[in-house]
Amino acid sequence: MCDGKDHDHNRRKVMKFTGAVGMGAMLAGPMNVFASPAAGNIQSRGYAAFDESGKLKPWKFERRPVGDNDVLIDIKFASICHSDIHQEKGHWGKQKYPQVPGHEIVGVVAAVGKNVTKFKVGDRAGVGCMVGNHNHHHDTDEEQYNPDTIFTYGYPDDRSPTGISQGGYSNNIVVEENFVMHVPENISFEEAAPLMCAGITTYSPLMRADIKPGMKVGIAGIGGLGHMAIKFAVSKGAEVYAFTTSPSKVKDILAFGAKEAVVVDDLSKLGAYNGQMDYLLSTIPYDFNVAAYAAIVKPYGTFTQVGMPIKSEVTVNALYLAFSRVNFNASLIGGIKETQEMVNYCAANNILPKIQKIKANQINDAWESVVNKEARYRYVIDAATF
């Protein structure tokens, strides 16, 4: 028992100690800094699209306060995905602007909500194509197919001061705890960023295809996604045949571990491989002759499309596809559990993207390079330059 004076004295000591702990956590990072919605909106700066021109400009904006189940991440690097370009140019439908793209994000946890248990301040963290759920549900390992999932940018989000989710071409981001990945210490931040989309988008279908040593695996389209797909397939012991329209990539493709690099400057080049592939993964991000590529797969083999073209459409000649008798499907990124599995797999097997680091003021030039197939192979933006 204690009297009123002792109680007040002890309360003041606790408050002073708590304040010191909070300040120490912000400076040293070993403890959690708990955030409250009362703290107000988070001030952010980044690069945004303001129309369908595909030209990004600096923009200061606000993110929602850190909620009880949220993690605030100070972004270190964000990489450029071709999807960023398609979406901001309105290729997939009308957009609300200003809009900050970017769904390959890594950084350091700066604050956590009071209910957060999986992360603490100072943890290395990654964010991919999803940042939350409208109903705060997390009852599936394939969140990408849940209609209530909030994707990282351009999605309606009534918690956001801008009305839509804003992505990773910025200095910070607020994400629900269950949509954040741990980034192992043995992967650099800049190399970890592309794993959050390019990595999982290719890892998921390849692992579900149950690739075995000696299987012939074709990878069509060797860019940010395709070069990771080669590395994943090689790691499973496959004989990889890479199909590209860029002769300048042949040397790289062989260095990634492919058995052959086939330059498809004419569709007739595919004829020599008809009926040979056990599995084919296409990362081609534009409309192409699907049936011609499907023909290189063995009857009853599988063709998976992950590249997302303008208008998200590919044209298929049903007759020619029928003659090939392949199982044709598509795949959308991967769930959070699988994404964490992929990150850990990359860390354990040293499977990392080939990157080019850029500053924020180089984003527009980098986008042009991506469209012109000049990227080698993922542009990664230093968030300190926003």
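Please refer to the structure placed before this passage.
Residues numbered from 1 in each chain as written. Predicted model: local features only at pLDDT ≥ 70, side-chain atom pairs only at ≥ 80, totals over all residues. Heavy atoms only, no water.

Looking at the element boundaries, Ser170 is found in the loop between strand 7 (149–151) and strand 8 (172–176). Classification of Ser170 as buried rests on a relative accessible area of 0%. Contacts of Ser170, omitting those with residues within four sequence positions, involve Arg45, Gly46, Phe61, Arg63, Ile75, Val100, Ala383 and Phe386. In terms of polar contacts, Ser170 uses its side chain to reach the side chain of Arg63, at 2.8 Å. Reaching out from Ser170, the side chain makes a polar contact with the backbone oxygen of Gly167 at a distance of 3.1 Å. (Helix = DSSP H or I, 4+ residues; strand = E, 2+ residues; numbered from the N terminus. Buried < 20%, exposed > 50% of the residue type's maximum accessible area, 1.4 Å probe, protein only. Contact = heavy atoms within 4.5 Å. Polar contact = N/O pair within 3.5 Å; in protein donor to acceptor, adjacent residues only side chain to side chain.)

Any aromatic ring pair is given by two values, namely how distant the centres are and how the planes are angled relative to each other. In total, this model carries 13 aromatic pairs according to the counting rule given. Each ring, one from Phe50 and one from Trp59, has its centre 6.3 Å from the other, and the planes form 80°; the classification is edge-to-face. An aromatic cluster is defined as three or more aromatic residues linked by ring pairs; in this entry it consists of Phe50, Trp59 and Phe61. Stacked on the ring of Phe189, the Lys or Arg Arg124 has its end atom at 4.3 Å from the ring centre. The side chain of Arg376 reaches across the aromatic face of Tyr377, ending 5.7 Å from its centre. (Phe/Tyr/Trp six-rings, centres within 6.5 Å; stacked < 30°, edge-to-face > 60°. Lys NZ or Arg CZ within 6 Å of the ring centre and 35° of its normal.)

Attention shifts here to helix 9 (residues 336–349). Under the 1.5 Å per step criterion, the end-to-end length of helix 9 is 20 Å for 14 residues, consistent within 8% with the ideal 20 Å. Those residues of helix 9 not exposed but buried are Ile336, Glu338, Thr339, Gln340, Met342, Val343, Tyr345, Cys346 and Ala347. Against strand 6 (130–133), strand 9 (181–182), helix 4 (198–208) and helix 5 (224–235) lie the buried residues of helix 9. Remark: Asn350 follows helix 9 within two positions and exhibits a positive phi of approximately 55°. (Expected span 1.5 Å × (residues − 1).)

Moving on, we get to the pairing of strand 13 (residues 277–282). The buried count for strand 13 comes to five of six residues, which makes it a mostly enclosed element. Inspection of the sheet shows strand 10 (residues 216–220) paired to strand 13 by four bridges, in the parallel sense. Across the sheet, residue Ala220 finds its bridge partner in strand 13, namely Ser282. Where strand 13 and strand 14 (residues 297–305) come together, five bridges link them in parallel fashion. Looking at the pairing, Leu281 lines up with Thr304 of strand 14. (Pairing = 2+ DSSP bridges.)

All right, on to the sheet that holds strand 14 then. One open sheet accounts for six strands, arranged 12-11-10-13-14-15; its pairing is parallel. In this open sheet, the two edge strands, each paired with only one partner strand, are strand 12 (260–263) and strand 15 (327–330). Strand-to-strand twist across the sheet, computed as the mean angle between neighbouring axes with direction ignored, equals 20°. Its contacts with the sheet put helix 4 on strand 10, strand 13 and strand 14, and the angle it makes with strand 13 is roughly 160°. (Axes fitted to C-alpha atoms, helices over the stretch in contact; angles between N-to-C directions.)

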